[in-house]
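The residues making up each chain are set out below.
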Amino acid sequence: MTTNWSGTYDYRAVRRVQPATVEELQQFVADAPQAKVAGSGHSFNGIADSESGWQLDLSGLIAPPEVDDTTGTVTVSGGMKYGELVPALAASGRALPNLASLPHITIAGSVATGTHGSGVGQPGLASAVRAVELLTADGRLRWIDDSDERFGGVVVSLGALGVVTRLRLATVPEYAVRQDAFVGLSWRDLAARIDEVLAAAYSVSVFGRWIGPGADHVIVKSIADDRAGQPELPGARWVADTLHPLQAAGATPDAVTEQGGVPGPWADRLPHFRLGFTPSAGAEVQSEFFVAAADAGRAVEALLGVGDRIAPHLLVGEIRAVAGESAWLSPAHRRDSVAFHFTWKPELNAVHQAVGVVQEALADLAPRPHWGKVFTYPGRLDFAYDRLDDFDDLRRSLDPAGKFGNDFVDRHVAR
């Protein structure tokens, strides 16, 4: 892997290694001048790069998940992808309360960057973590669980504390979900009633390009049980079709999980995309900014005000709710949030200019950027993350020589 998954970021690491055993991983970490885990390459900036060191590929260290029937937790390898975990959970009748929009991403990488699913009652993926096994720079493997005062800093760690070799996740009983597509929601109605729209079901995604009379469409994901009827979305009409997030640009629904109100297992309905297909557009760049849920209507109006400036570079935008959580560096730390996601055309110079426009439009709303996506803030993100100093103290205590540092950490985290 010399680039990220979409081919829009070129890694500069001098070497890439794939350990076959934990002992070999420990030796690689000892030998490398610096080290970063590459994961599945679904980040869009240098967070997983190692400009003067090595990239670590943990795909050779994946063991079968271990479900504990007593506690309801599952222990997974850090390099495992969410889609690979699903069969083991299904065999035990268990599920995760939330999933990201695509199941192709590694569990450890998703958690470490604050990645999320959606729902006004659903915090990010890190909220399912109950313990982390961490290989630190001194070569030690240690479990840090939620009884440890450092746990809030260890979960969303940016890969800056060590190598996450295993995680223990809380699960829930398996459940079924249905997806329904709606069209015709105007921007005016969305801005006025965004809290109602995003609370219409277990998970709601609003897709649009910030131009025209309204959103392209809305996908509503509801728990499917005996009491559930067809959901309603005031101001919009239901359609039986399965719609791709980029359907307004002519994308076909082949890669999309089934809609039309057909119930299915949680893991086949919560993601937007099927595991066996290329997700989203493929060649793309992504950005995402979180604002407090109470400010979401103002954020919609601010982005509509610059829609004509960003739309030429945009494939699609998405709006989702994320419940507040406790991880120090989560973009939803201690505030219920609404996330504004941008899938850009792979034109890096134009994208950076467009991202600057978005940041300026949202500046009065205390936006927090997603750690693994493109933003143009030049320095430390202490203005957005009020526990960044605490995290940097933790980083220095666990990694005093900066073994797991890189340009990204130096620029946006270190003080």
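No experiment lies behind these values; they were computed from the predicted model shown.

> Mind showing me how you'd approach the pairing of strand β8 (residues 141–145) here?
A regular strand carries its side chains on alternate faces of the sheet. Only one face of β8 is covered, namely the face carrying R142 and I144; the face carrying L141, W143 and D145 is uncovered. As judged from the five bridges shared by strand β7 (residues 129–135) and β8, these two strands associate in the antiparallel manner. Counterpart to L135 in the pairing with β8 is L141.

> I keep staring at the sheet that holds β7 and nothing clicks. Help me out?
Paired through backbone hydrogen bonds, the strands of a sheet run either parallel or antiparallel to each other. Spatially, five strands are ordered β4-β5-β9-β7-β8 in an open sheet, and the strand pairing comes out antiparallel. Every interior strand has two partners, whereas the edge strands, β4 (66–68) and β8, have only one. Strand-to-strand twist across the sheet, computed as the mean angle between neighbouring axes with direction ignored, equals 20°. Where β4 and strand β5 (residues 73–77) come together, three bridges link them in antiparallel fashion. From the neighbouring strand, E66 faces β5, where its bridge partner is T75. Across the sheet, helix α2 (residues 82–91) is in contact with β4, β5 and β9 (163–170); its angle to β5 comes to roughly 150°.

> Would you take a moment to explain the layout of surface pockets for this structure?
Gaps left between atoms show up when a probe the size of a water molecule is rolled over them. Its volume calculated, the second largest pocket comes out at about 300 Å³. Along the walls of the second largest pocket sit 19 residues, with N45, G46, H352, F375 and R411 positioned nearest its centre. Sorting the residues of the lining of the second largest pocket by element identifies α9 (348–362) and α11 (407–412) as the ones contributing at least two each. The element best represented in the lining of the second largest pocket is α11, accounting for four residues. Of the residues contributing to the lining of the second largest pocket, the split by class is eight nonpolar, six polar and five charged.

> Would you explain the sheet that holds strand β1 (residues 15–17) in this entry?
The strand order across the open sheet built from three strands is β1-β3-β2, with neighbouring strands paired in parallel fashion. Both outer strands of the open sheet, β1 and β2 (35–37), are each paired with one neighbouring strand and no more. With direction set aside, neighbouring strand axes in the sheet form an average angle of 25°. Taken together, the three bridges between β1 and strand β3 (residues 54–56) define a ladder with parallel strand orientation. Along β3, the bridge assignment pairs R16 with Q55. Contacts from helix α1 (residues 22–31) reach β1 and β3, with the element oriented near 160° to β3.

> Teacher, can you tell me more about the pattern of salt bridges here?
Working definition: two side chains of opposite charge can pair if their charged atoms are close together. Applying the stated criterion across every chain, the model contains 21 salt bridges. Between R12 and D407 there is a salt bridge, with its nearest N and O atoms 3.8 Å apart. Of this pair, R12 sits in the segment before β1 while D407 sits in helix α11, and the two are 395 residues apart along the sequence. Looking at R12, the relative accessible area reads 46%, which means it is partly exposed. Assessed through its relative accessible area of 30%, D407 is described here as partly exposed. Residues joined in a network through salt bridges with shared partners are R380, D382, D389, D392, D393, R395, R396 and R415.

> Would you take a moment to explain the side chain of K36 for this structure?
Here K36 lies in strand β2. Here K36 occupies a buried position and makes no salt bridge, while the nearest side chain of opposite charge, D399, is found at 7.8 Å. Within the structure, the side chain of K36 is placed 3.3 Å from the backbone oxygen of L158, a separation counted as a polar contact.

> Can you walk me through helix α7 (residues 296–305) in this structure?
The α-helix winds at 3.6 residues per turn, so residues separated by three or four positions along the chain end up facing the same way. Looking at α7, one finds that the buried residues are A296, G297, A299, V300 and L303. Each buried residue of α7 lies within a common arc of 160° when the element is viewed along its axis, so the set occupies one face. The outward face of α7, more than 90 degrees from its buried face, is lined by the exposed residues E301 and G305. Where α7 is buried, its residues contact α5 (187–198), β16 (285–292), α8 (307–310), β17 (314–322), β18 (337–344) and α9.

> Hey, could you run me through the pairing of β18 in this one?
Taking burial as the measure, the eight residues of β18 include eight buried ones, the bulk of the element. Along β18, one buried face is formed by S337, A339, H341 and T343 and the opposite face, lined by V338, F340, F342 and W344, is buried too. With eight bridges connecting them, β16 and β18 associate as antiparallel partners. Its bridge partner lying in β18, A292 is registered against S337. For β17 and β18, the ladder comprises eight bridges, and the chain directions are antiparallel. The residue bridging A321 from the neighbouring strand is V338, located in β18.

> How should unusual backbone geometry be read in this particular structure?
Despite not being glycine, R334 has its phi angle at roughly 55°, a positive value. Tracing the backbone through its elements, the reader meets R334 in the loop between β17 and β18. On the basis of relative accessibility, which here comes to 66%, the residue R334 falls in the exposed class. Backbone geometry at A366 places phi at a positive 50°, although glycine is not the residue there.

> Explanation requested: the packing of aromatic side chains in the structure shown.
Both the distance between ring centres and the angle between the ring planes are used here to describe each pair of aromatic rings. Within this structure, the stated rule accounts for 14 aromatic pairs. Here the aromatic rings of W210 and F340 are separated by 6.2 Å at their centres, their planes lie at 40°, and the arrangement is tilted. Taken together, the residues span a long stretch of sequence, with W210 in the loop between β12 (203–208) and β13 (217–223) and F340 in strand β18 at a distance of 130 residues. In this structure W210 comes out as buried when scored by relative accessible area, which is 3%. Accessibility expressed as a relative area gives 1% for F340, which makes it buried. Look at Y377 and F383: their rings are 5.0 Å apart centre to centre, the planes differ by 70°, and that puts the pair in the edge-to-face class. An aromatic cluster of three or more residues is present, and its members are F289, W371, F375, Y377, F383, Y385 and F408. One residue, R168, lies across the ring of W143, its end atom 4.3 Å from the ring centre. Positioned over the ring face of W328 is R387, at 4.3 Å from the centre of the ring.

Rules used throughout
Residues numbered from 1 in each chain as written. Predicted model: local features only at pLDDT ≥ 70, side-chain atom pairs only at ≥ 80, totals over all residues. Heavy atoms only, no water. Buried < 20%, exposed > 50% of the residue type's maximum accessible area, 1.4 Å probe, protein only. Helix = DSSP H or I, 4+ residues; strand = E, 2+ residues; numbered from the N terminus. Pairing = 2+ DSSP bridges. Axes fitted to C-alpha atoms, helices over the stretch in contact; angles between N-to-C directions. Contact = heavy atoms within 4.5 Å. 1 Å grid on protein atoms, 1.4 Å probe; cavity = no way out; pocket = protein on both sides within 12 Å on 5 of 7 lines; lining within 4 Å. Points joined across faces, edges and corners; volume = space filled by probe spheres on them. Nonpolar A, V, L, I, M, F, W, Y, C, P; charged D, E, K, R; others polar. Salt bridge = Lys/Arg side-chain N within 4 Å of Asp/Glu carboxyl O. Lys, Arg positive; Asp, Glu negative; His and termini not counted. Polar contact = N/O pair within 3.5 Å; in protein donor to acceptor, adjacent residues only side chain to side chain. Arc of directions from axis to C-beta. Phe/Tyr/Trp six-rings, centres within 6.5 Å; stacked < 30°, edge-to-face > 60°. Lys NZ or Arg CZ within 6 Å of the ring centre and 35° of its normal.

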